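# Chains, contacts and geometry: an overview
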Amino acid sequence: MKFDHSTDILVVGSGGGALAAALTARLHGAEVLVVEKTSMYGGTSATSGGNIWIPNSHHTNASPYPDSRERALEYLLASVGDEVPRAILEAFVDEGPRMLKFLEGNSRVRFEARGYCDYYPELPGGKPEGYRTHEPVPFHARHLGKDFETLRPPHHALVVMGRYTFTNAEGTALLTQAPGWQLTVLKMMARYWLDVPGRLRGPRPRFLTGGNALIGRLKCSLNDRKVPLWLDAPMRELIVENGRVRGAVIERAGKRVAVEARAGVIMGAGGFEHDPQMRERYLPHPTSAEWSGSQTGNTGDAIRAGMQIGAATARMHQAWWAPVIRAPGVDRPWVLFAERSSPGLIMVDRAGRRFTNEALPYLEAGRAMYRGGSAEPSVPSFIVFDAEFRRKYPLGCLGPSSVFPDEKLPREWEGTVYFKADSIEALARKAGIDPQGLAETVRRNNEFARTGKDLDFGRGDSAYDRYYADKRVKPNPCLAPIERPPFYAVVTWPGDIGTNGGLVTDEKARVLSESGTVIEGLYAIGNTAACVMGSKYPGAGATIGPCMVFGYIAARHALRVQ
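Cut-offs applied
- Residues numbered from 1 in each chain as written.
- Predicted model: local features only at pLDDT ≥ 70, side-chain atom pairs only at ≥ 80, totals over all residues.
- Heavy atoms only, no water.
- Core = buried A, V, L, I, M, F, W, Y, C linked by side-chain atoms within 4.5 Å.
- Buried < 20%, exposed > 50% of the residue type's maximum accessible area, 1.4 Å probe, protein only.
- Helix = DSSP H or I, 4+ residues; strand = E, 2+ residues; numbered from the N terminus.
- Contact = heavy atoms within 4.5 Å.
- Salt bridge = Lys/Arg side-chain N within 4 Å of Asp/Glu carboxyl O.
- Polar contact = N/O pair within 3.5 Å; in protein donor to acceptor, adjacent residues only side chain to side chain.
- Patch = residues over 30% accessible without salt bridge, like charges linked within 9 Å, V, L, I, M, F, W, Y side chains within 5 Å.
- Areas by Shrake-Rupley, 256 points an atom, 1.4 Å probe, with all protein chains shown as cover.
- Axes fitted to C-alpha atoms, helices over the stretch in contact; angles between N-to-C directions.
- Parallel < 35°, antiparallel > 145°, perpendicular 65-115°, else oblique.
- Nonpolar A, V, L, I, M, F, W, Y, C, P; charged D, E, K, R; others polar.
- Pairing = 2+ DSSP bridges.
- Phe/Tyr/Trp six-rings, centres within 6.5 Å; stacked < 30°, edge-to-face > 60°.
- Left-handed = near helix turned anticlockwise from the far one by under 90°.

### Considerations on the nonpolar core
With 139 residues, the main nonpolar core has Leu10 and Phe550 as its most contacted residues. With 10 residues, the top contributor of residues to this core is helix H16 (residues 544–558). Look past the residues within four positions of phenylalanine 550 in its chain and what remains in contact with it is Ile88, Ala91, Phe92, Glu507, Ala509, Ile525 and Val532. In terms of nonpolar packing, the next biggest core, distinct from the first, is built from 23 residues, Ala368, Cys397, Val473 and Tyr488 among them.

Here's what the structure looks like:
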């Protein structure tokens, strides 16, 4: 095979896992090339909260609530179970802390552990006090120079009013209206407006938090070591010789470029959530790419490339589900990660019945919409609340009415994004919900709010339910009555933040064939691989965390680093 370009490691994709793999390889002395199919780098990682879930790290063990290998593995075995080979879970637990310490010790990557509750904290090994979730330390865009222009912006839900970025602690304070939240708002605004050089350049905030901070730190570290990243460079196919992946064909400037990867190809190019045909073939119905909150370049290219050379796939019917709210003219929906814990709302089907604990982790809440409360999926569902909830709390695209009153919302949203009426029965008729069923569900919710006990679904019983709840509300911070008109019903869809089925890999991130043998020279990580967390989401950052860990593992294995 005649190659047009040669490198040691070819990394396909530019999200957190892909850039971590590239940086690991470069730090071990390898020549590296990163290729990204779109005009912006960062993938879905850049648009996300940027957290990584790494148990038993040096940050965790410096916190008031240290961890251990045994406790972490116990939790994963209890939550993930036998969906994933134990060797893969052990590799994650053992190599995660090493990855984090290695990158922090040799690059600009920085994290801090947060007291963020695990998603299944009552399971054996779970940590309700948290500190397994790590948040990237904020980063200023000036360090990126011109590369800031091509850094994929955060999701619109993570930038208040399109201007103000926030850390996890600041976001939690705003959502729960913790003491001093007004000062938090002022701090965020001052941070933006006092950046005079930034305002002279444009409206985009340069104080990078979340996924933008993570990707910014990784890219700056790669720039320090002169690692090239090709934009607008989709991978078209893998090059195989004598059963080994030798490289890939990359399209660049309208030409096909054969790139040799002497040590290996690492694919971290996301899932297939924005490919309508693959969704129709693999995911539960009904389904739509318009319900996905991930970045729109994820169309399964790397998964298909692997399948074309005989790679096995698994869990293709699964996604990282989450309830979402859609609005006309917006490219991606608002993902309801945390707002469902706020007291004073219920989620119902067209019969007006609740079908799940609204405060569940978003994966479980989205999955519940497909199970529904009867034989049919609850698609769409409706989140119902009253004027008191509307005044206090944000819900996706609806900021609290104390700041964003109804008259400031786009007129076309009423009747499409939400319905509004002066009585529960009238609201139900407008939204197409059974009036009697909804009235009875609201009555029952109000009784639960009075007693503090949700007898139907146990909302508020878990430490995770209460993490984002309003602790000022008694006796249950997740429950409040729905009784003050006008009443609202917001249309809610079973969206996702990515698919989690893909190419089958082993504990070294090597891709396996349909016969179970290793395809030499090919590695897959993140949502390109069948997720190493199975169908569970153990804690905040349980997508990017494992993606970075197995990117680190893949790079070291390809380079034969012990």
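More follows now that the structure is in view.
### Regarding the pattern of salt bridges
A side chain with one charge can pair with a side chain of the opposite charge if their charged atoms come near. Across all of its chains, the model carries 44 salt bridges by this definition. Here arginine 236 makes a salt bridge to glutamate 251, at a shortest N to O gap of 2.9 Å. Taken together, the residues arginine 236 in strand E9 (residues 235–241) and glutamate 251 in strand E10 (residues 244–252) connect sequence positions 15 residues apart.

### Re the side chain of asparagine 51
With respect to the secondary-structure elements, asparagine 51 resides in the loop between helix H2 (43–47) and strand E3 (52–53). Within the structure, asparagine 51 has its side chain in polar contact with the side chain of asparagine 168 (distance 2.7 Å). For asparagine 51, the contacting residues outside a window of four places in its chain are Thr133, His134, Glu135, Pro136, Asn168, Ala540, Gly541 and Ile544.

### Side note on a nonpolar patch on the surface
Together, Leu183, Leu186, Met189 and Trp193 line one region of the surface with nonpolar side chains, adding up to about 420 Å² of accessible area. You can see tryptophan 193 is positioned in helix H6 (residues 181–193).

### Remarks on the packing of helix H4 (residues 86–106) against H16
Interaxial distance between H4 and H16 falls to 8 Å at its minimum, and their mutual angle equals 85 degrees. With respect to H16, the axis of H4 lies roughly perpendicular. Two secondary-structure elements touch here, H4 through Ile88, Ala91, Phe92, Glu95, Gly96, Arg98, Met99, Phe102 and Leu103 and H16 through Gly545, Pro546, Met548, Val549, Phe550, Tyr552 and Ile553. Within the contact of H4 with H16, the residues separate by chemical class into 12 nonpolar, 2 polar and 2 charged.

### Observations concerning the pairing of strand E13 (residues 319–325)
Here E13 lies mainly inside the structure; 7 of its 7 residues are buried. In this sheet, strand E18 (residues 487–499) lies alongside E13 in antiparallel orientation, the contact comprising 5 bridges. Within E18, the position partnered with valine 324 by the bridge is tryptophan 493. Bridge count between E13 and strand E14 (residues 334–335): 2 bridges; the pairing is antiparallel. Among the inter-strand pairings, valine 324 is bridged to a residue of E14, identified as valine 335.

### So, the packing of aromatic side chains
Tallying each qualifying case throughout the model produces 24 aromatic pairs. Arranged with centres 5.3 Å apart and planes meeting at 15 degrees, the rings of phenylalanine 385 and tyrosine 488 form a pair that is stacked. Taken together, the residues phenylalanine 385 in strand E16 (residues 381–386) and tyrosine 488 in strand E18 connect sequence positions 103 residues apart. Accessibility assignment for this pair places phenylalanine 385 and tyrosine 488 in one class, buried. Here the aromatic rings of tyrosine 418 and tyrosine 488 are separated by 6.2 Å at their centres, their planes lie at 45 degrees, and the arrangement is tilted. Residue tyrosine 418 is located in strand E17 (residues 418–421), and its partner tyrosine 488 is located in strand E18; the two are separated by 70 residues in the primary sequence.

### Re the sheet that holds strand E5 (residues 133–136)
A sheet is described by the order of its strands in space; here 3 strands give the open sequence E3-E5-E4, paired in antiparallel fashion. Each edge of the sheet is formed by a strand with only one pairing partner; in this case those strands are E3 and strand E4 (111–114). For E4 and E5, the ladder comprises 4 bridges, and the chain directions are antiparallel. Residue pairing in the sheet places alanine 113 in a bridge with histidine 134 of E5.

### Digging into the side chain of lysine 127
Mapped onto the elements, lysine 127 comes out in the loop between E4 and E5. Among the polar contacts made by the side chain of lysine 127, one reaches the main-chain carbonyl oxygen of tyrosine 65 at a distance of 3.0 Å. With residues up to four places along the chain from it excluded, the contact list for lysine 127 reads Thr60, Tyr65, Pro66, Asp67, Arg71, Cys117, Asp118, Pro121 and Arg132.

### Re the packing of helix H1 (residues 16–27) against helix H8 (residues 210–224)
Relative to each other, H1 and H8 sit at 25 degrees, their axes nearing to 10 Å. Judged by the angle between their axes, H1 and H8 are roughly parallel. For H1 against H8, the interelement crossing comes out left-handed. Facing H1, whose interface residues are Gly16, Leu19, Ala20, Ala22 and Leu23, H8 presents Ile215, Leu218, Lys219, Ser221 and Leu222. Classifying every residue of the contact of H1 with H8 by side-chain character gives 7 nonpolar, 2 polar and 1 charged.

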